[in-house]
Amino acid sequence: MIDLKKLKLDDARALLEHGAHQLPEPDESSQAYLQAVIDKLCELSQKDPLTGLANRRFFNNVLTREIEVVARSGEPALLLMLDIDHFKAVNDTYGHQAGDTVLQAVAKTLIKCVRPMDTVARFGGEEFVIILPSCQGYYGHQVAERIRESLSAMKIPISSGVTIKITISIGGAYAPRWVRSTPELWVDRADLELYRAKSEGRDCVCIEPQPILSVSAEEKHLLFGPLSLGDPAWIENLASESSVGSSGSAMNRVN
Ligand SMILES: Nc1nc2c(ncn2[C@@H]2O[C@H](COP(=O)(O)OP(=O)(O)OP(=O)(O)O)[C@@H](O)[C@H]2O)c(=O)[nH]1
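Residues numbered from 1 in each chain as written. Predicted model: local features only at pLDDT ≥ 70, side-chain atom pairs only at ≥ 80, totals over all residues.

Where an unreviewed UniProt entry is consulted, the protein chain appears under the name diguanylate cyclase, with the organism given as Rhodoferax lithotrophicus. Under the Catalytic activity (unreviewed entry) heading, UniProt states for the protein chain: "2 GTP = 3',3'-c-di-GMP + 2 diphosphate". (UniProt positions renumbered as here; feature names shortened; annotations may be inferred.)

The biggest cluster of nonpolar side chains holds 45 residues, and the ones touching the most others in it are Leu 79, Leu 80 and Ile 170. When residues of this core are assigned to their parent elements, the largest contribution, 6 residues, is made by strand β1 (residues 78–84). Setting aside residues up to four positions removed in sequence, Leu 80 forms contacts with Val 129, Ile 130, Leu 132, Ala 144, Ile 170, Gly 172 and Ala 190. (Core = buried A, V, L, I, M, F, W, Y, C linked by C-beta atoms within 7 Å. Buried ≥ 20, exposed ≤ 12 C-beta atoms within 10 Å, placed from the backbone. Helix = DSSP H or I, 4+ residues; strand = E, 2+ residues; numbered from the N terminus. Contact = placed C-beta atoms within 7 Å.)

Right, let's get into the domain arrangement of the protein chain. The accessible area lost on association of the parts is a frequent measure of interface size. Here the domain parsing of the protein chain yields domain 1 (7–45) and domain 2 (56–211). Look at where the C-alpha atoms of domain 1 and domain 2 centre, and you get two points 33 Å apart. (Domains from an automatic or database assignment.)

Within the open sheet, the 5 strands sit side by side as β2-β3-β1-β6-β7. Their pairing is mixed. A single partner strand is all that each edge strand has here, and the edge strands are β2 (119–124) and β7 (205–207). Ignoring which end each strand starts from, the neighbouring axes of this sheet average 20° apart. When β1 meets strand β3 (residues 127–132), the two strands line up antiparallel, connected through 6 bridges. The residue of β3 that forms the bridge with Leu 82 is Phe 128. (Pairing = 2+ DSSP bridges. Axes fitted to C-alpha atoms, helices over the stretch in contact; angles between N-to-C directions.)

So, on to the site of the ligand. The environment of the ligand is made up of 16 residues, and the closest members are Asp 85, Phe 87, Lys 88, Gly 99 and Gly 125. Secondary-structure elements contributing two or more residues to the shell around the ligand are β1, α4 (87–94) and α5 (96–113). With 4 residues, α5 is the single largest residue contributor to the shell around the ligand. For the shell around the ligand, the per-class residue count stands at 4 nonpolar, 5 polar and 7 charged. (Near = placed C-beta within 6 Å. Nonpolar A, V, L, I, M, F, W, Y, C, P; charged D, E, K, R; others polar.)

Our focus in this paragraph is the pairing of β3. The element β3 is largely enclosed, with a buried count of 5 among its 6 residues. Bridge count for β2 against β3 is 5 bridges, and the pairing is antiparallel. Bridging across to β3, Thr 119 finds its partner in Ile 131. Connecting β2 to the next strand, β3, in antiparallel fashion are 2 residues, including Gly 125 with a positive phi near 50°.

This paragraph deals with the confidence of the model for the protein chain. Close reading of the predicted structure is inappropriate where its pLDDT is low. For the protein chain, per-residue confidence averages 83 on the pLDDT scale, and residues scoring 70 or more make up 75% of the total. Every residue in residues 238–250 is under pLDDT 50, and counting partners more than four places away or in other chains gives 26 contacts. This prediction of the complex comes with two scores: 0.82 for pTM and 0.97 for ipTM. (pLDDT = per-residue confidence, 0-100.)

It is worth spelling out unusual backbone geometry at this point. A positive phi angle, near 50°, is found at His 86, a position not held by glycine. For Ser 134, which is not a glycine, the phi torsion comes out positive at approximately 45°. As for its placement among the helices and strands, Ser 134 is situated in the loop between β3 and α6 (137–153).

Here's what the structure looks like:
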């Protein structure tokens, strides 16, 4: 049996206190205290410290789960990748602190633009991602445009009397329905669209058209079994020649 009172939790406690996390009094119940430390550490491990948004690890978990849901339910889900335009110039002109303030303001606005069921995360640097489950084609473009407009309308105060404005480029791709795929391919397709938005002049939205697939009931049924080498199933890969959509992504049947 571990004597919980002898456990050394100084580093964990310091980490949590630094992040202003409230812990119960250690004397109350050692088990409750330890559980609270574990819960708070879990919470911390899923958040981006600067913006308070979900971090990349949390995003990857949601994305992996969502791609499975879409493959089996056929419900459309959209992944948006967002990148602040010319963000380096913000840092270079106003300083890194001002850049951080901009990232925090963008995060707050993103949360306001989406539904509670959507996941907004910081992907890294000045890049954000949003997963929109149950998102029909027409709605996806609307929501992405709403986000772009909301962000470009912001006046962000960075010091007394100084406000700045930013624009954002957005790329999006739908998870393939009734098809086994990987989170990496989904991210790659959204990233290609983001690249397109940047090269089309920035401050715009580019979303890959949803691939139209006809899949039989028997083929749908195959998606419910575990996939092992040699199993017949619909899979997505980027390298194939029988391309669907504009990004070079393709759906193949393998036997
Ligand atoms: N303030 C601040 N800056 C960051 C952070 N993470 C990354 N950056 C900066 O983000 C900038 C990204 O610059 P680039 O990749 O050149 O992109 P950009 O200037 O936005 O240009 P485009 O994306 O092509 O429109 C770099 O200057 C990084 O230092 C952060 O956490 N805080």
